[in-house]
Amino acid sequence: MTDPFRPADADARARARALIDDATFAALAVTDPATLRPSVSRIALATDSRRRPLSLISTLAPHTAAIEANPACALLIGEPGDKGDPLTHPRLTLHATARIVPRDTPGHDDLRARYLALRPKAALYADFADFRFVLFTPEDALLNGGFGKAFRLARTDLA
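In this text the structure is predicted, and so the values were computed from the model without any measurement.

Rules behind the numbers
- Residues numbered from 1 in each chain as written.
- Predicted model: local features only at pLDDT ≥ 70, side-chain atom pairs only at ≥ 80, totals over all residues.
- Heavy atoms only, no water.
- Helix = DSSP H or I, 4+ residues; strand = E, 2+ residues; numbered from the N terminus.
- Buried < 20%, exposed > 50% of the residue type's maximum accessible area, 1.4 Å probe, protein only.
- Salt bridge = Lys/Arg side-chain N within 4 Å of Asp/Glu carboxyl O.
- Arc of directions from axis to C-beta.
- Contact = heavy atoms within 4.5 Å.
- Pairing = 2+ DSSP bridges.
- Lys, Arg positive; Asp, Glu negative; His and termini not counted.
- Core = buried A, V, L, I, M, F, W, Y, C linked by side-chain atoms within 4.5 Å.
- pLDDT = per-residue confidence, 0-100.
- Expected span 1.5 Å × (residues − 1).
- Polar contact = N/O pair within 3.5 Å; in protein donor to acceptor, adjacent residues only side chain to side chain.

Asker: Which parts of the structure should I look at to understand the environment of L60?
Answerer: Within the secondary structure, L60 sits in the loop between β5 (53–58) and α2 (62–69). A residue is classified by how much of its surface remains accessible, and L60, at 72% relative accessible area, is exposed.

Have a look at this one:
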């Protein structure tokens, strides 16, 4: 069987970057530490100043415990449009390492300011005691740009 993924090119890099930059939410895949089963949840998404995916999550959410137990995760970014086959719309699977950013660490205030500038409604709960920022460092990605347009991207392709 031939590899269905093409090598990354300039267009694939630009499409992947646009999906990350424009995303307001994503599906987060983690491994449940109690059952070792995969688990998926929807999270809000923005980017930090280095254009890495960033979210604000509650310690009450099961995905937070999963990230704390195993920071390896995946994000699915991109949603189908209002019309047409959902599988023809571009989407990006990011394989990433998640890092929860404690409030008292350097850079936290900058992440908070950036996140709230991009997601102002989050100001309603950003300072609740159970919420933390989580920063995702992409390791690699799979871009599906529609039928016959699948690309494998390295970390350097996403920078």
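Asker: Just checking my understanding: could you explain the pattern of salt bridges for this structure?
Answerer: As a working rule, side chains carrying opposite charge can pair if their charged atoms are close by. One pass over the structure, following the stated rule, counts seven salt bridges. The partner of R13 in a salt bridge is D157, and the shortest N-O contact between them spans 2.8 Å. Residue R13 is located in helix α1 (residues 10–22), and its partner D157 is located in helix α4 (residues 155–158); the two are separated by 144 residues in the primary sequence. According to the relative accessible area criterion, D157 is buried, its value standing at 14%. Measuring nitrogen to oxygen at the nearest pair gives 2.1 Å for the salt bridge that ties R155 to E139. Residue R155 is located in helix α4, and its partner E139 is located in strand β8 (residues 131–144); the two are separated by 16 residues in the primary sequence. One network of salt bridges, in which partners are shared, links R17, D21 and R51.

Asker: Mind showing me how you'd approach α2 here?
Answerer: Since the α-helix packs 3.6 residues into each turn, any two residues three or four apart lie on the same face. For α2, the set of buried residues is H63, T64, A66 and I67. For α2, the arc enclosing every buried residue in end-on projection is 160 degrees, short of the 170-degree limit, so these residues lie on one face. For α2, the exposed residues set more than 90 degrees away from the buried face come down to P62, E68 and A69. Of the surrounding elements, those touching the buried residues of α2 are β2 (25–31), β3 (38–44), β5, β7 (91–101) and β8.

Asker: Would you mind showing me how to read the pairing of β7 here?
Answerer: Two faces, one strand: in a regular strand the side chains alternate between the faces of the sheet. Relative to β7, strand β6 (residues 72–77) runs antiparallel, the two being bridged by six bridges. Looking at the pairing, A72 lines up with T97 of β7. Both β7 and β8 contribute to a ladder of eleven bridges, which runs antiparallel. Along β8, the bridge assignment pairs H95 with D140.

Asker: What is the right way to look at the side chain of R119 in this model?
Answerer: Considering the arrangement of structural elements, one finds R119 in the loop between α3 (108–118) and β8. An unpaired buried charge is present at R119: no salt bridge exists, and D22, the closest side chain of opposite charge, is 8.1 Å distant. Residues in contact with R119, not counting those within four places in the same chain, are A23, T24, L45 and A46.

Asker: When you look at the nonpolar core in this model, what are you seeing that I'm missing?
Answerer: The nonpolar side chains of a soluble globular protein tend to be buried, and buried together. Within the largest apolar cluster, 28 residues are counted, with the highest numbers of intra-cluster contacts made by L28, L75, I77, L92, L94, F136 and L153. The set of elements that each furnish at least two residues to this core consists of α1, β2, α2, β6, β7, β8 and β9 (150–154). Setting aside anything within four residues of it in sequence, one finds F136 in contact with L28, I43, R52, P53, L54, S55, C73, L75, A96, T97 and A98. Residues A46, L56, V101 and L111 belong to the second largest nonpolar core, which totals twelve residues.

Asker: Explanation requested: the confidence of the model for the protein in the structure shown.
Answerer: In low-pLDDT regions, the fine details of the predicted coordinates are not to be read closely. The pLDDT averaged across the protein works out to 93; a share of 99% of its residues lies at or above 70. Per-element confidence in the protein is highest for β6, whose mean pLDDT is 98, and lowest for strand β1 (residues 6–7), whose mean pLDDT is 89.

Asker: How should I be thinking about α1 in this particular structure?
Answerer: A rise of 1.5 Å per residue sets the reference length of α1, with its 13 residues, at 18 Å; its end C-alpha atoms lie 18 Å apart and thus fit the reference within 8%. Along α1, the residues classified as buried are A12, A16, R17, L19 and I20. Take α1 and look down its axis: the buried residues cluster within an arc of 160 degrees, on one side only. Exposed side chains of α1 directed beyond 90 degrees from the buried face belong to A10 and D22. A side-chain oxygen of the first residue of α1 lies 3.2 Å from the backbone nitrogen of D11; this N-cap is D9.

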